Protein chains: 2
Amino acid sequence: MEIITVSREFGSGGRELGKRLADIMNFDYFDKEIIAAISSNKGLDEKYVEKSLESNYVQTFSYTFGNTFGVIPMLQAQKTELFLEQKRVIEEIAKLGKNCVIVGRNADVILKEYNPFNIFVCADMEAKIRRCLMRAPKGENLTRKKIIQNIKNIDKSRARIREFMTDSKWGSSSTYHLTVNTTDWDIKELAQAVSEFAASWFKRKKSN
Amino acid sequence: MEIITVSREFGSGGRELGKRLADIMNFDYFDKEIIAAISSNKGLDEKYVEKSLESNYVQTFSYTFGNTFGVIPMLQAQKTELFLEQKRVIEEIAKLGKNCVIVGRNADVILKEYNPFNIFVCADMEAKIRRCLMRAPKGENLTRKKIIQNIKNIDKSRARIREFMTDSKWGSSSTYHLTVNTTDWDIKELAQAVSEFAASWFKRKKSN
């Protein structure tokens, strides 16, 4: 079984890359499908589940106890449960035993034992702003400043969730097998190039 | 003209990857050749030039002036001269107008106007230690601890030189077009996969 995981900066086109990779390689594709499964299993609204899993996982509170002062993480019970359910759903997907692409959700760490091919997708800030503008819903007129702020906040949140859940750093080169910068690419052509690279990697893996 | 630059973590196999890429793609290859040219132009010993260009570019000294306390960079005249000569040599290489691979030396920034394909090569620490052990000169019996220290120091130095000379961060994903982790690869096979990726990138660039 071959699994590709795609982690990505917000606005980098990582989701489109993942979808196109799945199409080219004839792999199953999982992204929002995971949210739908969690919502259905837990009887919760999809939008609510999505929001919960995308915001910072950890809230901290400061305490003093005798002479000791410290900060401990306070887990929100329902969020914790949603993250565990997400992990379970991703493990279920892997157990299906079919080739697949999974976008986001730290699937690279959750499925480590399956030795997936892990991709990180990034882009220059200007390219990410262009993509956000292009994909903005009609009538949404965010300022450039606000868009940059959104991009930074979402990525910061992704980094923090990852740091809390795993011992590997979000976006750091050696965490992934391949890191691609989408800036100069048409995603369709990039997906073709990445699919060939991934195929070589899986071939190498098999021969080991 | 097509230029590929290879930046790399110490012990990642980046140099071998660069050499093999040049072989596969029939590109000229520049690495130690740059040192040789600088040495010859300046009438200096190659080992000396190499060492000078690999250690931190900047020494700082602290000062107090009236009520002000600060730290300012102190450039060593000869080092500065060597870095300028290195820049000149790299620009001369590009002016030859031939397809080439250049390893290290921030060539990606120096040749920015040529729009080269920029690769960063990394690997897991364990893989880098194995490679260092494999390539150690006979009789050199460094401890594991010492090897890790060497790797970290050399990379730190590379990062500092880059930060001083350029406005882009060494090793950071979006600085490069492609970042590859060599850990699970045979470099020969990896070079083949990267050469195909690079060829797609140049094709895309031409069609733009």
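Each chain carries its own residue numbering, running from 1 in the direction its sequence is written. Chains and ligands are labelled by the order in which they are written, letters from A for the one and numbers from 1 for the other. Predicted model: local features are reported for residues with pLDDT of at least 70 only, side-chain atom pairs are reported and counted for 80 or more only, and whole-chain, interface and lining totals are derived from all residues. Think of the side-chain values as coming from all heavy atoms in the structure, minus any hydrogens and water.

The subject of this paragraph is the overall build of chain A. Along chain A, the regular secondary structure elements total 8 helices and 7 strands. Only protein chains enter the accessibility calculation, which uses a 1.4 Å probe. A residue is then buried if its area is under 20% of the maximum for its type, exposed if over 50%, and partly exposed in between. Buried positions account for 47% of the 208 residues belonging to chain A. Contacts spanning at least 24 positions in sequence make up 69% of the contacts within chain A whose residues lie at least 6 apart. Here the open area of atoms and residues is found with the Shrake-Rupley method and a 1.4 Å probe, where only the protein chains shown may cover a residue. Entry remark: accessible area of chain A is about 10900 Å², with carbon and sulfur atoms responsible for 51%. Going along the chain from the N terminus, every DSSP run of H or I of four or more residues is numbered as a helix, and every run of E of two or more is numbered as a strand. Here, residues are in contact when the closest pair of their heavy atoms is within 4.5 Å.

On to the interface of chain A and chain B, then. The interface is formed by 25 residues belonging to chain A together with 26 residues belonging to chain B. Counting the surface lost from both chain A and chain B, the interface buries some 2200 Å², and carbon and sulfur atoms represent 53% of this. The quantity reported as buried area is the accessible area (1.4 Å probe) lost by two parts once they are put together, taken as the sum for both. When the buried surface of chain A facing chain B is broken down by residue, W185, F197 and R204 of chain A rank first, second and third, together holding 27% of it. What counts as a salt bridge is simple: a side-chain nitrogen of Lys or Arg found within 4 Å of a carboxyl oxygen of Asp or Glu. Across the chain A-chain B interface, the total number found is 2 salt bridges. Across the salt bridge formed by R204 of chain A and E189 of chain B, the nearest N and O atoms sit 3.4 Å from each other. For this analysis, a polar contact is any N or O atom pair within 3.5 Å, provided that within protein one partner can donate a hydrogen and the other can accept it, and provided that sequence-adjacent residues contribute only side-chain to side-chain pairs. Taken together, chain A and chain B are joined by 15 residue pairs in polar contact (both at pLDDT 80 or more). Contributions of two or more residues to the side of chain A that touches chain B are made by β6 (117-122), β7 (178-181) and α8 (187-207) of chain A. Ranked by the residues each element gives to the side of chain A that touches chain B, the list is headed by α8 of chain A, at 8 residues. When DSSP finds two or more bridges between a pair of strands, those strands are recorded as paired. Across 3 bridges, β7 of chain A lies against strand β7 (residues 178-181) of chain B in antiparallel orientation. Residue T179 of chain A lies in a different strand from β7 of chain B, and its bridge partner there is T179 of chain B.

Turning next to the packing of helix α1 (residues 14-25) of chain A against α8 of chain A. In a pair of packed helices, the angle between the axes and the distance between the axes together describe the arrangement. Residues and elements named next belong to chain A. Fitting a line to C-alpha atoms yields each axis, with helices limited to the stretch in contact; the angle taken between N-to-C directions then spans 0 to 180 degrees. Two elements in contact, α1 and α8, have axes separated by 9 Å at closest approach and are oriented at 60°. Judged on the interaxial angle alone, α8 and α1 are oblique. The handedness of the crossing between α1 and α8 comes out as right-handed. Of α8, the residues touching α1 (which contributes E16, L17, R20, L21, I24 and M25) are I187, K188, L190, A191, Q192, V194, S195, A198 and A199. Any angle from 65 to 115 degrees is called roughly perpendicular, while one under 35 is roughly parallel, one over 145 is roughly antiparallel, and all others are oblique. If you view the pair so one helix is near and one far, a crossing is left-handed when the near helix is turned anticlockwise from the far one by less than a right angle, and right-handed when it is turned clockwise.

We now examine the pattern of salt bridges. On inspection of all chains with the given rule, the structure shows 37 salt bridges over all chains. A salt bridge links D31 of chain A to R15 of chain A; the nearest nitrogen and oxygen atoms lie 2.6 Å apart. Here D31 of chain A is found in the loop between β2 (28-30) and α2 (32-42), whereas its partner R15 of chain A is found in helix α1, with 16 residues between them in sequence. Judged by relative accessible area, which is 2%, D31 of chain A ranks as buried. We classify R15 of chain A as partly exposed; its relative accessible area is 26%. We note a salt bridge from K206 of chain B to E2 of chain B, for which the minimum N-O separation is 3.3 Å. Taken together, the residues K206 of chain B in helix α8 (residues 187-207) and E2 of chain B in the segment before β1 (3-8) connect sequence positions 204 residues apart. Looking at K206 of chain B, the relative accessible area reads 65%, which means it is exposed.

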